[in-house]
Amino acid sequence: MGLVARVQNLTKTYGSGDNRVDALRDVTIGIRRGQFTAIMGPSGSGKSTLMHIMAGLDSPTGGRVWLGDTDITGLGDSQLTLLRRRRVGFVFQSFNLVPTLDIAGNVHLPFELDGRKPSSQEREWIDTLVDSLGLRGRLTHRPHELSGGQQQRVAIARALATRPDLVFADEPTGNLDSRTGREVLSLLAAASAQYGQSIAMVTHDPIAASYADRILFLADGRVVEDRERSTAEEISRYMLAMEAAA
Ligand SMILES: Nc1ncnc2c1ncn2[C@@H]1O[C@H](COP(=O)(O)OP(=O)(O)OP(=O)(O)O)[C@@H](O)[C@H]1O
């Protein structure tokens, strides 16, 4: 199975002297194409830093970063912006929808930002997404007229609309009740299983991580565990053992 993103000997240091924080220490890891990968670890372990660097939102202190076959380590801001727009999708805890646009406008936003209209094939794909995410009746509504779960489904449609190489999801169920959160996780898992969408999700929640094909654990800036699909109980047990050993 190919890798959709990878980092090699990645380090990230914030500050200097007494204020120095080693957020990532020599991380080498690949995200597999077509898989749903969860990134877990205690607060401050480096999850967001790793995700931001892989998504081209932040630059590393040392090491290299690839998105697909592209070495993005040395790219400038404008190249990174284009790359993110075309090859990466994002789903955030806070949905991040544009309040002044209706749902159709939000789903089409990645194309607007890229200065183009979706092709007929892309329009078909967007139709499929809108139907499978249950948004058909909501296209002319504004985000504030939708429930949190519906807003997150719009964010998922927007993230998948351009068929990006990789979708990054940052605590996508953090603002949802548990039933709605499970629906959103099932939709992400289905996007990966049915459409081959690669997804990397940062989460604290063992139940959320149990929807993933693979779980990476970070501790103190290092990858300390890389395991295949596990139950929420197995993940909780591992996290407890990790805390006890810390
Ligand atoms: N901009 C920054 N300036 C200084 N230190 C930072 C910055 N961003 C992150 N850090 C530090 O780097 C370390 C890793 O942070 P990071 O946000 O990646 O962890 P995390 O695992 O995502 O945590 P959480 O689960 O709490 O979001 C932490 O010690 C954090 O305080």
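Now for a quick tour of the structure. What you see is a predicted model, and the numbers here were worked out from it, not measured in a lab.

1. As for the environment of Leu-10
Right, on to step 1. On the secondary structure map, Leu-10 appears in strand 1 (residues 3–14).
Right, on to step 2. Judged by the 26 C-beta atoms lying within 10 Å of it, Leu-10 falls in the buried class.
Right, on to step 3. Between the alpha carbons of Leu-10 and Thr-61 there is a distance of 7.6 Å; along the sequence they are 51 residues apart.
Right, on to step 4. Those residues within four positions of Leu-10 in sequence are excluded, and the remaining contacts are Leu-24, Val-27, Ile-53, Pro-60, Gly-63 and Val-65.

2. Here we look at helix 1 (residues 47–54)
Right, on to step 1. Of the positions making up helix 1, those classed as buried are Lys-47, Thr-49, Leu-50, Ile-53 and Met-54.
Right, on to step 2. Each element contacted by the buried residues of helix 1 is listed here: strand 1, strand 2 (21–32), strand 3 (36–40), strand 4 (62–67), strand 8 (198–202) and strand 9 (214–219).
Right, on to step 3. With its phi angle positive at about 75°, Gly-56 sits one or two positions after the end of helix 1.

3. Some thoughts on the site of the ligand
Right, on to step 1. In the region of the ligand, the neighbouring residues are Tyr-14, Gly-15, Val-21, Ala-23, Gly-41, Ser-43, Gly-44, Ser-45, Gly-46, Lys-47, Ser-48 and Thr-49.
Right, on to step 2. Elements that contribute at least two residues to the shell around the ligand include exactly strand 2 and helix 1.
Right, on to step 3. With three residues, the single largest contributor to the shell around the ligand is helix 1.

4. As for the packing of helix 4 (residues 120–132) against helix 5 (residues 148–161)
Right, on to step 1. In the contact formed by helix 4 and helix 5, the axes pass within 10 Å of each other and the chain directions differ by 160°. Classified by the interaxial angle, the pair formed by helix 4 and helix 5 is roughly antiparallel. Handedness of the helix 4/helix 5 crossing: right-handed. Here helix 4 contributes Ile-126, Leu-129 and Val-130 to the contact with helix 5, which in turn contributes Ala-157, Leu-160 and Ala-161.
Right, on to step 2. Among the residues forming the contact of helix 4 with helix 5, the class breakdown is six nonpolar, no polar and no charged.

5. Brief notes about the packing of helix 5 against helix 6 (residues 178–195)
Right, on to step 1. Contact pair helix 5 / helix 6: the axes reach a minimum separation of 9 Å and the direction vectors enclose 15°. Here helix 6 runs roughly parallel to helix 5, going by the angle between their axes. Two packed elements cross with a definite hand, and for helix 5 against helix 6 that hand is right-handed. Touching Gly-148, Gly-149, Gln-152, Arg-153, Ile-156 and Leu-160 of helix 5 are Thr-180, Glu-183, Val-184, Leu-187, Leu-188 and Ala-191, all from helix 6.

6. Topic: the pairing of strand 2
Right, on to step 1. Both strand 1 and strand 2 contribute to a ladder of eight bridges, which runs antiparallel. The residue bridging Arg-6 from the neighbouring strand is Gly-30, located in strand 2.
Right, on to step 2. Hairpin connection, strand 1 to strand 2: the antiparallel pair is bridged by six residues, and Gly-15 has positive phi, about 70°.

7. Observations regarding the sheet that holds strand 10 (residues 222–228)
Right, on to step 1. Taken together, the six strands give an open sheet; going across it, the order is 6-7-8-3-9-10, and neighbouring strands pair in mixed fashion. Edge strands, defined here as strands with exactly one partner in the open sheet, are strand 6 (88–92) and strand 10. Going from strand to strand, the sheet's axes swing by 20° on average, the running direction of each strand aside.
Right, on to step 2. Here strand 7 (residues 166–170) pairs with strand 8 via five bridges, running parallel. Residue Val-167 lies in a different strand from strand 8, and its bridge partner there is Ile-199.
Right, on to step 3. Strands in contact with helix 1 are strand 3, strand 7, strand 8 and strand 9; relative to strand 8, the strand with the most contacts, it is inclined by about 150°.
Right, on to step 4. Strand contacts of helix 6: strand 3, strand 7 and strand 8, with the helix running at about 150° to strand 8, the strand carrying the most contacts.

Conventions and cut-offs
- Residues numbered from 1 in each chain as written.
- Predicted model: local features only at pLDDT ≥ 70, side-chain atom pairs only at ≥ 80, totals over all residues.
- Helix = DSSP H or I, 4+ residues; strand = E, 2+ residues; numbered from the N terminus.
- Buried ≥ 20, exposed ≤ 12 C-beta atoms within 10 Å, placed from the backbone.
- Contact = placed C-beta atoms within 7 Å.
- Near = placed C-beta within 6 Å.
- Axes fitted to C-alpha atoms, helices over the stretch in contact; angles between N-to-C directions.
- Parallel < 35°, antiparallel > 145°, perpendicular 65-115°, else oblique.
- Left-handed = near helix turned anticlockwise from the far one by under 90°.
- Nonpolar A, V, L, I, M, F, W, Y, C, P; charged D, E, K, R; others polar.
- Pairing = 2+ DSSP bridges.

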